[in-house]
Amino acid sequence: MPPLDYLVLRLIRRHLPDRAIRALLRRGLIIRPGLETRAPQAASRRFLDVLKTAGDTITGRRVMIFGYGGRFDVGVGLLRAGAGHVVLVDPYVSPPPASKLKAEPALTVVSAPLDSYPCSGGKPVDLVFSNSVMEHVGDVARAVKDLARATAPRGQHFHFIDLRDHFFRHPFEMLCYSERQWRRFLNPGSNLNRLRAGDYERLFAERFGQVKVETLYSDLPAFRAVRARIRPEFLSGNNERDAATHILLRASRPS
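Residues numbered from 1 in each chain as written. Predicted model: local features only at pLDDT ≥ 70, side-chain atom pairs only at ≥ 80, totals over all residues. Heavy atoms only, no water.

**Student:** Describe the packing of helix H8 (residues 140-149) against helix H10 (residues 197-205), naming the residues involved and giving the relevant values.
**Tutor:** Interaxial distance between H8 and H10 falls to 9 Å at its minimum, and their mutual angle equals 45°. Classified by the angle their axes make, H8 and H10 are oblique. By crossing handedness, the relation of H8 to H10 is classed as right-handed. Here H8 contributes Val140, Ala141 and Val144 to the contact with H10, which in turn contributes Tyr200, Leu203 and Phe204. Its residues placed into classes, the contact of H8 with H10 shows six nonpolar, no polar and no charged. (Axes fitted to C-alpha atoms, helices over the stretch in contact; angles between N-to-C directions. Helix = DSSP H or I, 4+ residues; strand = E, 2+ residues; numbered from the N terminus. Parallel < 35°, antiparallel > 145°, perpendicular 65-115°, else oblique. Left-handed = near helix turned anticlockwise from the far one by under 90°. Contact = heavy atoms within 4.5 Å. Nonpolar A, V, L, I, M, F, W, Y, C, P; charged D, E, K, R; others polar.)

**Student:** An account of the nonpolar core is needed here, citing residue identities and associated values.
**Tutor:** One finds Met64, Phe66, Met134, Val140, Tyr200 and Ile247 to be the most contacted residues of the largest nonpolar core, which totals 31 residues. Elements with a contribution of two residues or more to this core: strand E1 (62-66), strand E2 (85-89), strand E4 (125-131), H8, H10, strand E6 (208-218) and strand E7 (244-254). No other element matches H8, which puts five residues into this core. Contacts of Met134, omitting those with residues within four sequence positions, involve Phe66, Val140, Val144, His159, Ile161, Asn193, Tyr200 and Phe204. (Core = buried A, V, L, I, M, F, W, Y, C linked by side-chain atoms within 4.5 Å. Buried < 20%, exposed > 50% of the residue type's maximum accessible area, 1.4 Å probe, protein only.)

**Student:** Please give an account of the pattern of salt bridges that cites residues and values.
**Tutor:** Overall, the coordinates contain 16 salt bridges when judged by the stated rule. Notably, a salt bridge pairs Asp5 with Arg169, separated by 2.6 Å at the nearest N-O pair. With Asp5 in helix H1 (residues 4-15) and Arg169 in the loop between strand E5 (151-162) and helix H9 (179-186), this pair connects stretches of sequence that are 164 residues apart. On the basis of relative accessibility, which here comes to 26%, the residue Asp5 falls in the partly exposed class. Taking relative accessible area as the criterion, Arg169 reaches 58% and is therefore assigned exposed. The closest approach of N and O atoms between Arg231 and Glu233, which form a salt bridge, is 2.8 Å. Exposure remark for Glu233: the relative accessible area of 46% places this residue in the partly exposed category. Each of the salt bridges in this network shares a partner with another, and the network as a whole consists of Asp115, Arg142 and Asp146. (Salt bridge = Lys/Arg side-chain N within 4 Å of Asp/Glu carboxyl O.)

**Student:** So what's going on with the sheet that holds E5? Residues and values would help.
**Tutor:** To summarise the sheet geometry, strands pair through backbone hydrogen bonds and adopt either a parallel or an antiparallel arrangement. Strand order across the open sheet formed by seven strands is E3-E2-E1-E4-E5-E7-E6, with mixed pairing between neighbours. For this open sheet the edge positions go to strand E3 (107-110) and E6, each flanked by a neighbour on one side alone. Ignoring which end each strand starts from, the neighbouring axes of this sheet average 15° apart. In this sheet, E2 lies alongside E1 in parallel orientation, the contact comprising five bridges. From the neighbouring strand, Val63 faces E2, where its bridge partner is Val86. Against the sheet, helix H4 (residues 40-53) touches E1, E4, E5, E6 and E7, its axis set at about 125° to E4. Across the sheet, helix H5 (residues 73-80) lies against E1, E2 and E3, angled at about 165° from E2, the strand it touches most. (Pairing = 2+ DSSP bridges.)

That is the geometry; function is a separate question.
Written out as structure tokens, the structure is:
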């Protein structure tokens with residue numbers, strides 16, 4: 001049986017007005033803001049750490065943060081760490097005051113869809129980072145295509161993706177409903193595309209010559225508890241992979 005608390009809160013969340021959602025996000029109540037918003041320094045450090053693990057450096061590089069959440073701090077943190085230029089992309093936040101941009105000439109803010117960056121002559125970037133953003137993208141194939149266009153030939157991508165239902169008490173519950181049920185009644189305004197690790201790997205492989213997906217965290221007990229209810233399109237047959245809750249996707253060699 002579907003958990004009653006899940007259905008009630010999902011339906012409420014579905015119909016909350018935007019103003020109420022923004023108020024909850026500001027206060028960190030019920031809806032949890034992203035890492036870039038609530039802890040930008042930690043977000044910057046996460047990007048720097050994964051880059052160091054890959055044996056690369058940010059020094060002098062042109063960096064894009066896809067979905068920065070409206071806080072400049074994460075970009076400023078990368079500039080202070082040595083980045084040559086940082087491009088912040090997020091179509092869902094208001095454009096910043098011109099005075100703020102003048103204060104950080106090595107910072108470019110794109111408050112528009114991603115494709116507006118390469119289409120307006122934006123220089124190709126060397127590094128692309130995102131944190132808990134890809135799972136909210138409606139058309140991931142289009143986003144990956146635009147990301148590839150915006151990436152220099154030797155550029156690298158590092159995307160941290162949260163595969164959980166964002167009602168975190170039930171991390172796999174969203175996989176138990178048909179596409180029609182999800183879209184009409186349960187999908188939150190922030191959108192969860194419900195793609196799994198294999199889906200992201202396939203979509204990035206269509207635009208990048210090298211793709212690697214690493215499972216960072218998994219929850220096999222929670223997965224097994226609902227596996228009988230999960231719809232077959234979300235199952236690969238590999239329980240270990242299907243139980244992944246967080247992955248890191250690395251991509252390079254854009255085409």
